[in-house]
Amino acid sequence: MFTKALKLVTPDNCGATTSSSSRNDRDKNSEDEEVFLDAQEAQLHPDAHPEGGLGCSDLQLLERQRGAILEVIKMLGRNLITGNFDLLKISLPVKLFEPRSYLEKLADPWIYSRFLEAAAECSNNPSLRMQYTITYIIAGFHRIFAKWAKPYNPILGETWQASLPDETAIFLEQISHHPPISAFQMFGKDNKFYFHGLSQPEVGYKANAIKASAKGYRRIEFSDGGVIDMTFPAYYIKGIVYAGAPRSELGGTAEFEDKQNGLKAVIHFQKVDSSLPGGIISGGVLDRYHALLSRTDAVSGTIYRTKLHHHDDEDGDLSTHSGSTICGIPKGSSSVRTHSQHGGQKSSSSSIFRSKSSIMGGTGGAGAGSSSSTTLGGGSRFGMLGKSFTFRRATSSAGLQSDDPTGTLTGEVRIPIAHCTGNWLAFLDWDGERFWTLNEEEGSAWIPDPHPLPSDTRFREDLALLLVEDVPAAQLAKEKLENRQRRDAKLRNIG
């Protein structure tokens, strides 16, 4: 039976279900009627594309961007056929951009913090904690494509700080130029949860489509010591030139791991098939529900209890394996850092990034005195424990085998304990219980810090000029800034 209500949890009754008042009005003996009502509530996002994913409904933006895309296609020539290039290394016209930085866009999906608040209360129920964490990530995916214009690539040392009305605070910094790496840390109210990681985007174009992947690591730590690591699916924008309207999709799998409790989850982003774990669909009055699961934007997955490998560390901490780092996590860095330990977020007088000068001067933030691609100094907020450490070109989150979603290669024994089905543009159910419904979800946008650091993205001249729609001046400012970055990179290499 599908229930609309989100489970309400406390430290003492984590896992108990409290139904909404609307459910009390339903006929408890009429399960078909209740299921039908929940199917009706699971409506697709208003911009859902008929072929799957989100469609672009801004026709003016579409026309403007297609003209700019054709310019880029002419410039790239035959490289488009082979796909042998990286869009992040190509200087694109300002007409393609929105007046925001990638640092701001990176935080767009992470506004539904109430799910992590609920997860934080589940100390005695690791499976339910995993369900809330996965729901948190899936519920925000539609916001990745809320704006169709490209954000500005951050400059080395660029920062952005913001908060939500519930006191969740986020801090981001561009810590590497080549490869481009953005670091982020997010603190829940009273430090109940700590979400942090590195995002190393890779973007390519081939066959009238753009594919983006976010390498790096992503980890959520809870105040009771619980840890969940994760990987994300790939992002696609299809039909950017030769179609009536482009559409965005997710593809592949996302993986989650709670190593301390021997839990792993694999979430598939594709049409729900009865052969997939959690993919069995009941009959009856659920034609509308079935239609949502038969779209390419459907999701399904399973949480497994796994048999741990004999060579795992006794404490189960991913950051204590042999070697200096795991995907950029230094040894011993697993303990939860609190918001107050870094000076809070309300004032920039004691710089959380220890920025020394404005980003417009080519310095500031963590990257100011560090190599553009390898070593980070302990002066940055993202120096973790004040140590210098080296980043690998990470291919997945720490410890997760993204190329082995079934556990076949590693020989793991996986016992299914929970299943989910849904659609990242509509809803998500866990074992027949509704955890998230898009058209009932309320989320508040990030509120930028009123007292930002001098390295804040809002002080970028090219971005500020585009914000007032002075496109020619913004193009000149962007080219000037890119030339300065190239010059600074050469100087760092010489040094």
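Residues numbered from 1 in each chain as written. Predicted model: local features only at pLDDT ≥ 70, side-chain atom pairs only at ≥ 80, totals over all residues. Heavy atoms only, no water.

Engineer: When you look at helix 10 (residues 471–494) in this model, what are you seeing that I'm missing?
Structural biologist: Residue pairs spaced three or four apart in an α-helix point in one direction, given the helix's 3.6 residues per turn. Between the first and last C-alpha of helix 10 there are 35 Å, a value that for 24 residues agrees with the 34 Å anticipated at 1.5 Å per step. Of the residues making up helix 10, those classed as buried are Ala474, Gln475, Ala477, Lys478, Leu481, Glu482, Arg484, Gln485, Asp488 and Ala489. For helix 10, the side-chain oxygen to backbone nitrogen distance between the N-cap and Ala473 is 3.3 Å, and the N-cap itself is Asp470. (Helix = DSSP H or I, 4+ residues; strand = E, 2+ residues; numbered from the N terminus. Expected span 1.5 Å × (residues − 1). Buried < 20%, exposed > 50% of the residue type's maximum accessible area, 1.4 Å probe, protein only. Polar contact = N/O pair within 3.5 Å; in protein donor to acceptor, adjacent residues only side chain to side chain.)

Engineer: Can you help me understand unusual backbone geometry in this one?
Structural biologist: Trans peptide bonds make up the majority, and among non-glycine residues the majority have a negative phi. Residue Pro179 is bonded to the preceding His178 through a cis peptide linkage, with omega at 0°. Along the polypeptide, Pro179 turns up in the loop between strand 5 (169–176) and strand 6 (181–187). For Asp190, which is not glycine, the phi torsion reads 60° and is therefore positive. Classification of Asp190 as exposed rests on a relative accessible area of 60%. Phi is positive for Asn191, close to 55°, though the residue is something other than glycine. In this fold, Asn191 is placed in the loop between strand 6 and strand 7 (193–206). Owing to a relative accessible area of 18%, Asn191 belongs among the buried residues under this scheme.

Engineer: Explain the pattern of salt bridges to me, please; I cannot follow it from the model alone.
Structural biologist: As a working rule, side chains carrying opposite charge can pair if their charged atoms are close by. Evaluation of the coordinates by the stated rule reveals 19 salt bridges. Asp229 is paired through a salt bridge with Arg219; the nearest N and O atoms lie 3.0 Å apart. Taken together, the residues span a long stretch of sequence, with Asp229 in strand 10 (residues 227–231) and Arg219 in strand 9 (residues 218–222) at a distance of 10 residues. Exposure class is identical for Asp229 and Arg219. Each is buried. Taking the shortest distance from any N to any O, the salt bridge between Glu482 and Lys478 comes out at 2.6 Å. Placement of the pair is Glu482 and Lys478 together in helix 10, with a separation of 4 residues, close to one helical turn. Look at Lys478 and you get buried, because its relative accessible area is 5%. Here the residues in one salt-bridge network are Glu51, Lys238, Arg247 and Glu249, joined through shared partners. (Salt bridge = Lys/Arg side-chain N within 4 Å of Asp/Glu carboxyl O.)

Engineer: Help me out: how do you make sense of the nonpolar core in this one?
Structural biologist: Considering soluble globular proteins, one finds that nonpolar side chains tend to be buried as a cluster. Membership of the largest hydrophobic core comes to 61 residues, with the highest contact counts inside it found for Trp110, Phe256 and Trp446. Sorting elements by how many residues they give to this core places helix 7 (residues 126–140) first, with 8 residues. (Core = buried A, V, L, I, M, F, W, Y, C linked by side-chain atoms within 4.5 Å.)

Engineer: Got a minute to help me understand the pairing of strand 21 (residues 433–437) in this structure?
Structural biologist: The side chains of a regular strand alternate, residue by residue, between the two faces of the sheet. Among the 5 residues of strand 21, 5 are classified as buried, and the element is accordingly described as predominantly covered. The sheet contact formed by strand 20 (residues 427–430) and strand 21 spans 4 bridges and is antiparallel. In the sheet register, Leu428 faces strand 21, and the bridge partner there is Trp436. The antiparallel hairpin formed by strand 20 and strand 21 contains 2 residues in its connecting segment, where Asp431 sits at a positive phi of about 50°. (Pairing = 2+ DSSP bridges.)

Engineer: Hey, could you run me through the confidence of the model for the protein in this one?
Structural biologist: Where the model shows low pLDDT, its predicted coordinates should not be examined in detail. When the pLDDT values of the protein are averaged, the result is 74; 61% of them are 70 or greater. Within the model, pLDDT remains below 50 along residues 1–13, and this stretch shows 58 contacts once partners closer than five positions in the same chain are excluded. Here residues 309–336 is modelled with pLDDT under 50, and outside its nearest four sequence neighbours on either side it reaches 65 contacts, counting other chains as well. (pLDDT = per-residue confidence, 0-100. Contact = heavy atoms within 4.5 Å.)

Engineer: Sorry, what's going on with the packing of aromatic side chains here?
Structural biologist: A ring pair, where both rings are aromatic, is described by two values, the distance of the centres and the angle of the planes. For the coordinates displayed, the defined rule picks out 12 aromatic pairs. On the numbers, 5.3 Å between centres and 45° between planes, the contact of Tyr132 with Phe435 is tilted. You can see Tyr132 sitting in helix 7 and its partner Phe435 sitting in strand 21, a full 303 residues away along the chain. Summarising the burial analysis for this pair, Tyr132 and Phe435 share the class buried. For the pair Phe184 and Phe195, a centre-to-centre distance of 5.1 Å together with 75° between the ring planes defines the contact as edge-to-face. (Phe/Tyr/Trp six-rings, centres within 6.5 Å; stacked < 30°, edge-to-face > 60°.)

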